[in-house]
Amino acid sequence: MKIFHKKSDLIDALSKLRESKSSIGFVPTMGALHSGHLSLIKKSLQNNKITVVSIFINPTQFNNTADLTAYPKNLNEDCELLESLSNDIIVFVPEIQEIYKDGMLTNEYDFNGLDKYMEGEFRNNHFQAVATVVELLLDIVEPNSAYFGEKDYQQLKIISCIKTNVNIIGCSTLRDKNGLALSSRNNRISLSSIEIASNIFKNLNFVKSNFNKLSIENLTEKVTLNINLFDQMKLEYFVIADEDKLAPTTVVNVKKKYRAFIAVFVDGIRLIDNIALN
Ligand code: PAF
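What you are looking at is a predicted structure, and each value in this text was computed from that prediction instead of being measured.

Definitions and cut-offs
Residues numbered from 1 in each chain as written. Predicted model: local features only at pLDDT ≥ 70, side-chain atom pairs only at ≥ 80, totals over all residues. Heavy atoms only, no water. Helix = DSSP H or I, 4+ residues; strand = E, 2+ residues; numbered from the N terminus. Rg over C-alpha atoms; globule rule 2.2 N^0.38 Å. Buried < 20%, exposed > 50% of the residue type's maximum accessible area, 1.4 Å probe, protein only. Contact = heavy atoms within 4.5 Å. Areas by Shrake-Rupley, 256 points an atom, 1.4 Å probe, with all protein chains shown as cover. Near = heavy atom within 4 Å. Polar contact = N/O pair within 3.5 Å; in protein donor to acceptor, adjacent residues only side chain to side chain. 1 Å grid on protein atoms, 1.4 Å probe; cavity = no way out; pocket = protein on both sides within 12 Å on 5 of 7 lines; lining within 4 Å. Sits in = over half its atoms within 2 Å of the grid points. Nonpolar A, V, L, I, M, F, W, Y, C, P; charged D, E, K, R; others polar. Phe/Tyr/Trp six-rings, centres within 6.5 Å; stacked < 30°, edge-to-face > 60°. Pairing = 2+ DSSP bridges. Axes fitted to C-alpha atoms, helices over the stretch in contact; angles between N-to-C directions. Points joined across faces, edges and corners; volume = space filled by probe spheres on them. Salt bridge = Lys/Arg side-chain N within 4 Å of Asp/Glu carboxyl O.

> Teacher, can you tell me more about the overall build of the chain here?
Tallying secondary structure elements over the chain gives 10 helices and nine strands in all. Relative to its length of 278 residues, the chain is compact, with a C-alpha radius of gyration of 19 Å against a globular reference of 19 Å. Counting across all 278 residues of the chain, residues that qualify as buried make up 50%. A separation of at least 24 residues holds for 68% of the contacts in the chain among residues at least 6 apart in sequence. Per element, the accessible surface of the chain, about 13900 Å² overall, is 49% carbon and sulfur.

Right, here's the structure in full:
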């Protein structure tokens, strides 16, 4: 496995490999890899000759320094996991200055309202920061395809609208045996609260089963009650939005596809999840 810290070295290495017309798959990550990341990387390995994985904790997309500082870092374990998949993976682990030459600035994107609600509403400037770093990374790696998880569905939609020549591929969410969506943040939650956190997915499934039976208002009330019933959990938002525009709704148009989106603090750690409803 080759690890690059300098973007010029990575660009050189990739340009040689590109000469053999090999397709490049790219999986950007912030490290603390888990089976969810590995499933994206496996997909890239299946569909491309070359797979590049970046490990870069992007400071600009965090809304508070405590969350940034607490973000798990374990490069050795990450590399072992990557090696267990393949020796051919190319890993890019840049320092902040490698990515942000002129200071940690974010670009101004117009996402056509996709960033207005849910994560965009509760995390100021988050998607401008995510899109900026993803675009910077895509410019360095110049992959044919890049892989993102559906757990961050809003992120996936927003990245799909950045103008690049890259094929953006969404991959389904991986869950633990109780249904909790895999996330690097889960490690920061106590075992007993992890059990309780499985109620997030139970509630999403309840909403899916009752989507055609109960009103959206009624579903929202029930989810709010069910989640806040537990001392360890606090609901930040529950929203049903159409998949296309990501605009919350209280009325259902049978011609549209909908998803339920949720953000919950468990032991003070913020978790998100979503489910397709129809
Ligand atoms: O989903 C993530 O891990 C991050 O938002 C990403 C896409 C790697 C950008 O920093």
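> Where do I start with the site of the ligand in this structure?
Lining the immediate surroundings of the ligand are Pro 28, Thr 29, Met 30, Asn 58, Gln 61, Val 133, Val 134, Phe 148 and Gln 155. Gln 61 is positioned with one of its side-chain polar atoms (N or O) 2.7 Å from an oxygen atom of the ligand. Between the ligand and Gln 155, the relevant distance is 2.8 Å, taken from an oxygen atom to a side-chain nitrogen or oxygen of the residue. With the chains in place, 88% of the 290 Å² that the ligand exposes on its own is no longer accessible. Under a 2 Å grid-point criterion requiring more than half of the atoms, the pocket assigned to the ligand is the largest pocket. Of the residues in the shell around the ligand, the class split is five nonpolar, four polar and no charged.

> Explanation requested: the packing of aromatic side chains in the structure shown.
Both the distance between ring centres and the angle between the ring planes are used here to describe each pair of aromatic rings. Across all of its chains, the model carries six aromatic pairs by this definition. Plain terms: the ring middles of Tyr 109 and Phe 111 are 5.4 Å apart, the flat faces sit at 15 degrees to each other, and that makes the pair stacked. Plain terms: the ring middles of Phe 211 and Tyr 258 are 5.8 Å apart, the flat faces sit at 50 degrees to each other, and that makes the pair tilted. You can see Phe 211 sitting in the loop between α9 (191–210) and α10 (216–228) and its partner Tyr 258 sitting in strand β8 (residues 258–266), a full 47 residues away along the chain. Across this residue pair, the class does not change: Phe 211 and Tyr 258 are buried.

> Whenever I open this one, the sheet that holds strand β2 (residues 24–29) confuses me. Can you help?
Sheet strands pair by backbone hydrogen bonding; their relative direction is either parallel or antiparallel. Spatial strand order, β1-β4-β3-β2-β5-β6: six strands in an open sheet with parallel pairing. Pairing within the sheet leaves two strands with one partner each, and these edge strands are β1 (2–4) and β6 (167–171). Neighbour-to-neighbour, the strand axes of this sheet turn through a mean angle of 25 degrees, independent of strand direction. Here β2 runs beside strand β3 (residues 50–55); their pairing, made up of six bridges, is parallel. Residue pairing in the sheet places Phe 26 in a bridge with Val 52 of β3. Set on the sheet, helix α1 (residues 7–19) makes contact with β1, β2, β3 and β4 (90–92); between it and β4 the angle comes to about 155 degrees.

> What exactly am I supposed to notice about the layout of surface pockets here?
Over the atoms a probe the size of a water molecule is rolled, and this reveals where empty space is left. A volume near 1000 Å³ is recorded for the largest pocket. Listing elements by their share of the lining of the largest pocket, those giving two or more residues are β2, α2 (35–47), α6 (119–122), α7 (126–141), β5 (145–149), α8 (153–160) and β9 (269–276). Per-element tally for the lining of the largest pocket: the top contributor is α7, with six residues. By residue class, the composition of the lining of the largest pocket is 21 nonpolar, 20 polar and nine charged. Estimated volume of the second largest pocket: approximately 260 Å³. Lining of the second largest pocket is provided by 16 residues; of these, Ile 55, Phe 56, Ile 57, Lys 73 and Val 93 occupy positions nearest its centre.

> Explanation requested: the pattern of salt bridges in the structure shown.
Enumeration according to the criterion identifies 12 salt bridges in this entry. Between Glu 119 and Arg 123 there is a salt bridge; the shortest N-O distance is 3.8 Å. Considered together, Glu 119 and Arg 123 belong to a single accessibility category, that of buried residues. Each of Glu 119, Arg 123, Glu 236 and Arg 270 takes part in a single network of salt bridges with overlapping partners.

> For this particular structure, what's the right way to read the environment of Asn 63?
The residue Asn 63 is located in the loop between β3 and α3 (65–70) in this model. For Asn 63, a relative accessible area of 37% gives the class partly exposed. Discounting residues that sit within four places of it in the chain, Asn 63 has contacts with Arg 123 and Asn 124. A distance of 2.9 Å separates polar atoms of two side chains, one belonging to Asn 63 and the other to Arg 123. Within polar-contact distance, the side chain of Asn 63 engages the backbone oxygen of Asn 124 at 3.0 Å.

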